[in-house]
Amino acid sequence: MANPFKPTAGMTPPVLIGREDDLEEFEMALDNGVGDLGRLAYVTGPRGIGKTALLNAYGDIARDRKWDVIDETADQGFLDRLVEALTDTKTKVRSVELPTVRLDLGGTPVGLSTSLGGISLEPTQRALTFRRAAGQRLDVLEKKNRGLLITLDEVQASDITELRALATGMQHLIRERRNVAFVFAGLPSMVEDVLNDNVLTFLRRANRTVLSGIPIPEVHHAFRTIITTNGKQASDEVLDTLSASTRGYPFMIQLVGYWAWAYTKNSNVITTETTQKSDSASPTRSG
Ligand SMILES: Nc1ncnc2c1ncn2[C@@H]1O[C@H](COP(=O)(O)OP(=O)(O)O)[C@@H](O)[C@H]1O
Ligand SMILES: [Mg+2]
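As the structure is a prediction and not an experimental result, all values here were calculated from the model.

Participant: Just to check I follow, could you spell out the overall build of the chain for this structure?
Facilitator: The helix and strand inventory of the chain stands at 11 helices and nine strands. Looking at the chain alone, contacts between residues at least 24 apart form 76% of all its contacts between residues at least 6 apart.

Right, here's the structure in full:
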């Protein structure tokens, strides 16, 4: 049996534990329609708490509603990649107007980043480029009653120029009542730097989700579900030990589960003995 636990950053967990309220809130933000405050949001919390996992789950919610979803990570060049993703694909974007050149795509898919090689755009121009690309995509989507979600992970202050351009463009799209949502995520230090930036005041209105650990009883319950549905068993006592040793920290949930599973490779029963072994195997146990 494959190990169902995935102690890997950014990995979608077998069960997203304890985030029901956040998911419901996001569903409502999409279902309530244009103008809902939850359509501009950010997620923060320490490393390994589940920010990326939550962004992915938001993406799934949007896809379920037939929205287009673009996931980006905020390292250098993300805005160009975003524009490329927006103009790419099956949507029939005929041309993209740029401040210095007019690029006629004439129906043939052209990699925009290649065509743009060497042109470095000023922040205001970049905002405009993004806004146009997103606007054209939305023209197509909205006709079919669909929307566009953009998620931006690992937001850091070092990418502030691109983030300013994106936020400015996004602000216009929201003001124009386009069917769009934007969720970004980053470490708590990002919140201070980014939200204190005087160009990014618009983002201060974003709906904030500060992720914290999962209550131990919920971890216990999830462990039981994951273990039994994947063909093994564990007593309540063992489940108690396992869940307590995670301290509710999502990364530890995966790690503890992973080792408990790995150590019972040849058996269907996870025992107290296994929990002791897996506990001492966890490198970040005392961290
Ligand atoms: N709600 C959750 N329930 C169970 N496991 C989770 C949950 N959120 C995240 N994880 C798992 O924890 C680990 C870290 O999650 P990740 O989203 O990468 O954290 P972050 O982006 O905050 O650093 C991953 O292995 C992920 O599958
Ligand atoms: Mg992450």
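Participant: Sorry if this is basic, but what is going on with the packing of aromatic side chains here?
Facilitator: Geometry of an aromatic ring pair is reported as the spacing of the ring centres plus the angle between the planes. Throughout the structure, instances matching the rule amount to six aromatic pairs. Seen from their ring centres, F5 and F223 are 5.6 Å apart, and the 65 degrees between their planes marks the pair as edge-to-face. With F5 in the segment before α1 (20-31) and F223 in helix α8 (residues 216-229), the pair connects residues that are 218 residues apart, well separated along the chain. With relative accessibility at 1%, the residue F223 sits in the buried group. Each residue in the set Y42, F182 and F184 is aromatic and connected to the rest through ring pairs, giving one cluster.

Participant: When you look at the sheet that holds strand β6 (residues 180-186) in this model, what are you seeing that I'm missing?
Facilitator: Hydrogen bonds between backbone groups are what pair the strands of a sheet, and the pairing can be parallel or antiparallel. Taken in spatial order, the five strands line up as β2-β5-β6-β1-β7 in an open sheet, and their pairing is parallel. The outermost strands of the open sheet, each flanked by one partner alone, are β2 (68-73) and β7 (207-210). Pairwise comparison of adjacent strand axes, ignoring direction, gives a mean angle of 15 degrees for this sheet. Across the sheet, helix α2 (residues 51-64) lies against β1 (40-44), β2, β5 (148-153), β6 and β7, angled at about 170 degrees from β5, the strand it touches most.

Participant: When you look at the site of ligand 1 in this model, what are you seeing that I'm missing?
Facilitator: Taken together, 22 residues surround ligand 1, and among them K6, G10, M11, G48 and K51 come closest. The contact in question runs from an oxygen atom of ligand 1 to an N or O atom on the backbone of A53, over 2.8 Å. In isolation ligand 1 exposes 560 Å². Once the protein is present, 97% of that is buried. Spatially, ligand 1 is embedded in the largest pocket. Within the residue set of the shell around ligand 1, elements represented by two or more residues are α2 and α10 (250-263). Looking at the shell around ligand 1 residue by residue, the class counts come to 12 nonpolar, six polar and four charged. When we break the shell around ligand 1 down by domain, the ones giving at least three residues each are domain 1 (20-210) and domain 2 (216-281).

Participant: Any chance you could explain the layout of surface pockets here in plain terms?
Facilitator: Where empty space is left can be seen by rolling a probe of water-molecule size over the atoms. The volume enclosed by the largest pocket comes to roughly 530 Å³. Taken together, 28 residues line the largest pocket, and the ones lying closest to its centre are G10, G48, I49, G50 and K51. Among the elements that make up the lining of the largest pocket, the one with the highest residue count is α10 (four residues). The class makeup of the residues in the lining of the largest pocket is 14 nonpolar, eight polar and six charged. Here the lining of the largest pocket spans two domains, since at least three of its residues come from each of domain 1 (20-210) and domain 2 (216-281).

Conventions and cut-offs
Residues numbered from 1 in each chain as written. Chains lettered and ligands numbered in written order. Predicted model: local features only at pLDDT ≥ 70, side-chain atom pairs only at ≥ 80, totals over all residues. Heavy atoms only, no water. Helix = DSSP H or I, 4+ residues; strand = E, 2+ residues; numbered from the N terminus. Contact = heavy atoms within 4.5 Å. Phe/Tyr/Trp six-rings, centres within 6.5 Å; stacked < 30°, edge-to-face > 60°. Buried < 20%, exposed > 50% of the residue type's maximum accessible area, 1.4 Å probe, protein only. Pairing = 2+ DSSP bridges. Axes fitted to C-alpha atoms, helices over the stretch in contact; angles between N-to-C directions. Near = heavy atom within 4 Å. Polar contact = N/O pair within 3.5 Å; in protein donor to acceptor, adjacent residues only side chain to side chain. Areas by Shrake-Rupley, 256 points an atom, 1.4 Å probe, with all protein chains shown as cover. 1 Å grid on protein atoms, 1.4 Å probe; cavity = no way out; pocket = protein on both sides within 12 Å on 5 of 7 lines; lining within 4 Å. Sits in = over half its atoms within 2 Å of the grid points. Nonpolar A, V, L, I, M, F, W, Y, C, P; charged D, E, K, R; others polar. Domains from an automatic or database assignment. Points joined across faces, edges and corners; volume = space filled by probe spheres on them.

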